[in-house]
Structure formats: structure tokens, C-alpha cells
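Observations on the model geometry
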Amino acid sequence: MGLNLVLLGPPGAGKGTQAVRLARTWGIPHISTGTMLREAVKSDSELGRQVKAIIESGGLIDDTLITEVVRQRLALSDTAPGFLLDGFPRTVPQAEALDCFSGLKGSLVIVEIVLSEREVLRRLAARMICSECGVNAQDDEEFATCHDCGGALVLRADDAEAVVRNRLEVYHRQTVPLVEYYGARPTFVRVDGAQLVDHVTEAILASVSAARAR
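One structure accompanies this document, and this report is about it. Note that the structure is a prediction, hence the values are computed from the model and not measured.

Glancing now at the overall build of the protein. Looking only at helices and strands, the protein features 9 helices and 7 strands. The 214 residues of the protein split such that 42% are buried. Taking as baseline every contact in the protein between residues at least 6 positions apart, the subset at least 24 positions apart corresponds to 72%. Taken as a whole, the protein presents about 11300 Å² of accessible surface, with 53% of it coming from carbon and sulfur.

As C-alpha cells, then:
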């Protein structure tokens, strides 16, 4: 049975780092909102042209449109063994739509990586990104160069404290209700994101295994 997983957590919780590790371990595609939108635009389909027009005009992708982008992405053959969603759903209406998708193999496992606001601010104040390829530095790395391409690491421009606080406000307003939506399910699990990266990965693997056995 397929493993379908949704990863939740505030900015700075390490979702991107964990998603890459987990997708590789389970042999399922890591599907992020940004990647889906870029693929939709690149496809030059009618849906992709709609997305491109909204992005170029500076508008926001609404629930209906992003849900259709996700639906089409999950219909591709590489999701047969499952998928890992990072950045979707962001709202309860999106989650309700995901529950109604036809053709999903296996139940949905939801993992919330929990991190305090104080720890989010501390992490993001020092978060580095590669100036060449754009990948985030690993949370527990202390190197000056990218682990992927060797490019110089620089501070992320969107991690200034005022910007981070605004992102946290948006997260609490839009995404925290998802925890209430999913919280009563036996396949909803919480993991402490304040641990070392390897320990978070181990905790997620163990929690997901236990949730699937219920």
C-alpha cells in the first residue's frame, strides 16, 4: 500500500531538509508547492498558463487553482508508491480537497514538526543559503560552503526578524487550523523539531511506522 505523507511545521522547522531525506528513504517523490508550480508553468498547459499569468502579475494562487495543480501532479505515475507533500495543504479547504482526491493509494499520514517561536527566530536569524544553487544549508552544519555544489553560503534575505514574524503570523493564521483538522486522526503524529537533524529523521521514521501499523 502506498505511503502518502503530508509534512507540516513552521518556517525554520527543517521541513525541506527532512523531506529530501524521507523521500529518498521511502523511494517516493518529494513534492513541494514551489516545484509543482514551476512544473505547471513549464508544461505550458492551460493550467500552467493560468498559473504563469497570476505569478507574473504578482497575484496569489487561490485554493482552487493550487488544488488543481496538486491533483494533476499526484495523477502522474511516479506517485504510485506514494508521495510526500511539502507546502500543501496550507489551509483547511485545501486539506478537505485532498481528502476527496480519487485514486490515492493508501491512507494519509500527517507529520507535524513542532518548534517553539523562540527557536524559529533563533534558527532563522542564522540560516544560510547557497549563493550558487539556492539550497538551504543543513540545520546543524557549520561550514562556509554548500554541501551540494561548493558555493558560498550567505544569509537568506527573507529571514530578517520582521519578515520571519510576519511569516509566523501567516502560518498560525492559516496552517495551525490544519492541526485541529487532522489532530484526531490515528495517522497524525507530532515530532520534536528542536533535536539534531538526524534525531528528527529517526523520530519521523519511527512515528510514521507506528502510525501505519494502527
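Attention now moves to the packing of aromatic side chains. Going through the model one piece at a time under the given rule, you end up with 1 aromatic pair. When the ring of Tyr-181 is compared with that of Tyr-182, the centres are 5.1 Å apart and the planes differ by 75°; the resulting orientation is edge-to-face. Residue class for Tyr-181 comes out partly exposed when judged on its relative accessible area of 27%. Its relative accessible area of 0% is what places Tyr-182 among the buried residues.

With that settled, the discussion passes to the environment of Gly-82. Within the secondary structure, Gly-82 sits in strand β3 (residues 82-86). In contact with Gly-82, other than residues within four places in its own chain, are Gly-2, Leu-3, Asn-4, Ile-28 and Pro-29.

Right, let's talk about the sheet that holds β3 for a bit. Strand order in the open sheet made by the 5 strands is β2-β3-β1-β4-β7, with parallel pairing throughout. Because the sheet does not close on itself, it has two edges, and the strands there are β2 (30-32) and β7 (188-192). On average, each strand axis in the sheet is tilted by 25° relative to the strand beside it, whichever way the strands run. When strand β1 (residues 3-8) meets strand β4 (residues 108-114), the two strands line up parallel, connected through 5 bridges. From the neighbouring strand, Leu-8 faces β4, where its bridge partner is Glu-112. Packed on one face of the sheet, helix α1 (residues 15-26) meets β1, β2, β3 and β4 and runs near 175° to β3.

Between helix α3 (residues 46-56) and helix α4 (residues 63-74), the shortest axis-to-axis distance is 11 Å and the interhelical angle comes to 140°. Relative to α4, the element α3 lies oblique. Note that α3 runs across α4; the crossing there is left-handed. Residue-level inspection shows Leu-47, Gln-50, Val-51 and Ile-54 of α3 in contact with α4, the latter providing Leu-65, Glu-68, Val-69 and Gln-72. Considering only residue class, the contact of α3 with α4 consists of 5 nonpolar, 2 polar and 1 charged.

Attention now goes to helix α9 (residues 197-213). If you check α9, its first and last C-alpha atoms are 25 Å apart, about what 17 residues at 1.5 Å a residue would give, namely 24 Å. When α9 is considered as a whole, its buried residues turn out to be Val-197, Val-200, Thr-201, Ile-204, Val-208 and Ala-211. Along the axis of α9, the buried residues cluster in a sector spanning 100°; they form a single face. Turned more than 90 degrees away from the buried face of α9, the exposed residues are Glu-202 and Ala-213.

This paragraph deals with the pairing of β3. Of all 5 residues in β3, 5 are buried, a share of seventy percent or more. Alternating positions in β3 separate into two faces, Gly-82, Leu-84 and Asp-86 on one and Phe-83 and Leu-85 on the other, with burial throughout. As paired elements, β1 and β3 share 5 bridges and run parallel to each other. Note that in β3 the partner of Asn-4 across the bridge is Phe-83. Note: β2 against β3, 3 bridges, orientation parallel. Paired with Ile-31 across the strands is Leu-85, a residue of β3.

It is worth spelling out the pattern of salt bridges at this point. A side chain of one charge can pair with a side chain of the opposite charge when the charged atoms of the two come close. A full pass over the atoms with the stated rule returns 8 salt bridges. The salt bridge involving Asp-78 is made with Arg-73; its shortest N-O contact spans 2.8 Å. Assessed through its relative accessible area of 34%, Asp-78 is described here as partly exposed. Glu-169 serves as the salt-bridge partner of Arg-173, at 3.7 Å between the closest nitrogen and oxygen. Linking Arg-173 with Glu-169, this pair stays in helix α7 (residues 161-174), spanning 4 residues, or about one helical turn. Classification of Glu-169 by relative accessible area gives partly exposed; the value is 48%.

Calculation criteria
- Along each chain, residue indices are assigned from 1 in the same order as the chain's sequence is written.
- Restriction of local features to residues with pLDDT of at least 70 applies here, the model being predicted, together with a cutoff of 80 or more for giving and counting side-chain atom pairs; totals for whole chains, interfaces and linings are based on all residues.
- Note that water and hydrogens are dropped before the side-chain values are worked out from all heavy atoms of the structure.
- Secondary structure follows DSSP: runs of H or I at least 4 residues long count as helices, runs of E at least 2 residues long count as strands, and numbering of each begins at the N terminus.
- Three labels apply to residues, based on accessible area from a 1.4 Å probe with only protein chains included: buried if under 20% of the type maximum, exposed if over 50%, partly exposed otherwise in between.
- Contacts between residues were defined by any pair of non-hydrogen atoms, one from each residue, lying within 4.5 Å.
- What sets the accessible areas is the Shrake-Rupley method with a 1.4 Å probe; for residues, cover comes only from the shown protein chains.
- The aromatic pairing rule takes the rings of Phe, Tyr and Trp, using the six-membered ring of Trp, and pairs them if the centres are within 6.5 Å, calling planes under 30 degrees apart stacked, those over 60 edge-to-face and the rest tilted.
- By the convention used here, strands pair only if DSSP detects at least 2 bridges between them.
- Fitting a line to C-alpha atoms yields each axis, with helices limited to the stretch in contact; the angle taken between N-to-C directions then spans 0 to 180 degrees.
- Here roughly perpendicular refers to angles of 65 to 115 degrees, roughly parallel to angles under 35, roughly antiparallel to angles over 145, and oblique to all remaining angles.
- Crossing handedness is defined as follows: a turn of the near helix away from the far one that is anticlockwise and smaller than a right angle gives a left-handed crossing, while the clockwise case is right-handed.
- All amino acids are sorted into three groups, where Ala, Val, Leu, Ile, Met, Phe, Trp, Tyr, Cys and Pro are nonpolar, Asp, Glu, Lys and Arg are charged, and the leftover types, Gly among them, are polar.
- Any helix carries an expected span of 1.5 Å times its number of residues minus one.
- An arc is given here, and it is the one of the directions from the helix axis to the C-beta atoms.
- For this analysis, a salt bridge means a side-chain nitrogen from Lys or Arg found within 4 Å of a carboxyl oxygen belonging to Asp or Glu.

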